[in-house]
Amino acid sequence: FVLMLSVLLIVKTIWDRPPKNFPPGPFAVPFLGSALSINPYDNFGFFCKLLGRYGDVTKLSIGGQRFVLLSGPKTIREVFVEKGDFFIDRPSYTIIEKLFKGLGLISSSGHMWRQQRRFTLSTLKYFGVGK
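Residues numbered from 1 in each chain as written. Predicted model: local features only at pLDDT ≥ 70, side-chain atom pairs only at ≥ 80, totals over all residues. Heavy atoms only, no water.

(A) Region of interest: helix α2 (residues 43–54). With 12 residues, α2 should cover 16 Å at 1.5 Å per step; its first-to-last C-alpha distance of 16 Å lies within 8% of that length. Contact partners of the buried residues in α2: β1 (57–62) and β2 (65–70). Looking one or two residues beyond α2, the residue adopting positive phi is glycine 55, at roughly 100 degrees. (Helix = DSSP H or I, 4+ residues; strand = E, 2+ residues; numbered from the N terminus. Expected span 1.5 Å × (residues − 1). Contact = heavy atoms within 4.5 Å.)

(B) How the structure looks around the environment of valine 79. Inspection of the secondary structure assignment puts valine 79 in helix α3 (residues 73–82). Valine 79 sits in the buried class, given a relative accessible area of 12%. For valine 79, the residues in contact, after removing those within four places along its chain, are Leu70, Gly84 and Phe87. (Buried < 20%, exposed > 50% of the residue type's maximum accessible area, 1.4 Å probe, protein only.)

(C) Local environment of the packing of aromatic side chains. Applying the stated rule across the entire model yields 2 aromatic pairs. Relative to phenylalanine 47, the ring of phenylalanine 46 lies with its centre 5.3 Å away and its plane at 65 degrees, an arrangement referred to as edge-to-face. With 5.2 Å between their ring centres and 80 degrees between their planes, tyrosine 126 and phenylalanine 127 make a pair best called edge-to-face. A relative accessible area of 68% means that tyrosine 126 is categorised as exposed. In this structure phenylalanine 127 comes out as exposed when scored by relative accessible area, which is 64%. The cationic tip of arginine 66 hangs over the ring face of phenylalanine 22; the distance from NZ or CZ to the ring centre is 5.7 Å. (Phe/Tyr/Trp six-rings, centres within 6.5 Å; stacked < 30°, edge-to-face > 60°. Lys NZ or Arg CZ within 6 Å of the ring centre and 35° of its normal.)

(D) Geometry of a nonpolar patch on the surface. Residues Phe1, Val2, Leu5, Leu8, Leu9, Phe27, Val29, Phe31, Leu32 and Leu36 make up a contiguous nonpolar surface patch of about 1,100 Å² in total accessible area. Residue classification places leucine 8 among the partly exposed residues on the basis of a relative accessible area of 45%. (Patch = residues over 30% accessible without salt bridge, like charges linked within 9 Å, V, L, I, M, F, W, Y side chains within 5 Å. Areas by Shrake-Rupley, 256 points an atom, 1.4 Å probe, with all protein chains shown as cover. Salt bridge = Lys/Arg side-chain N within 4 Å of Asp/Glu carboxyl O.)

(E) Spotlight on the environment of arginine 118. Of note, arginine 118 is situated in helix α6 (residues 110–126). Take arginine 118: its relative accessible area is 54%, and that puts it in the exposed class. For the pair arginine 118 and valine 81, spaced 37 residues apart in the sequence, the C-alpha separation amounts to 9.5 Å.

(F) Molecular detail of the environment of leucine 51. Mapped onto the elements of the fold, leucine 51 is located in helix α2. According to the relative accessible area criterion, leucine 51 is partly exposed, its value standing at 28%. Along the chain, leucine 51 and serine 71 lie 20 residues apart, while their C-alpha atoms are 7.5 Å from each other. Apart from residues no more than four positions distant in its own chain, leucine 51 is found in contact with Asp56, Thr58 and Ser71.

Here you go:
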């Protein structure tokens, strides 16, 4: 049993390796990801430590799902404004689909995301953000 469990963990670790061009981030345990390192009582402090250690673009893995965290106005502008066409498609997550029903910048994808992004940017400019 122990041998089979060890082989399963090794295979899972090799299978879940992030691509070489993926941003740096904390160590991820198989099946749990980086969830053990997150402080449930101080999420903000945890994310500040991540940003201080790994920079404005950070990888976080929770429960087998990989996330890329963006921080800082220059980085967010580069991703959403200057290189928006590269990031137009989003992965589909069941819980997000149920909560947002494919609406909003977080859960929409493709043409819908482009329309909502354009509306959001023009609204933010109207209120003086980004000037």
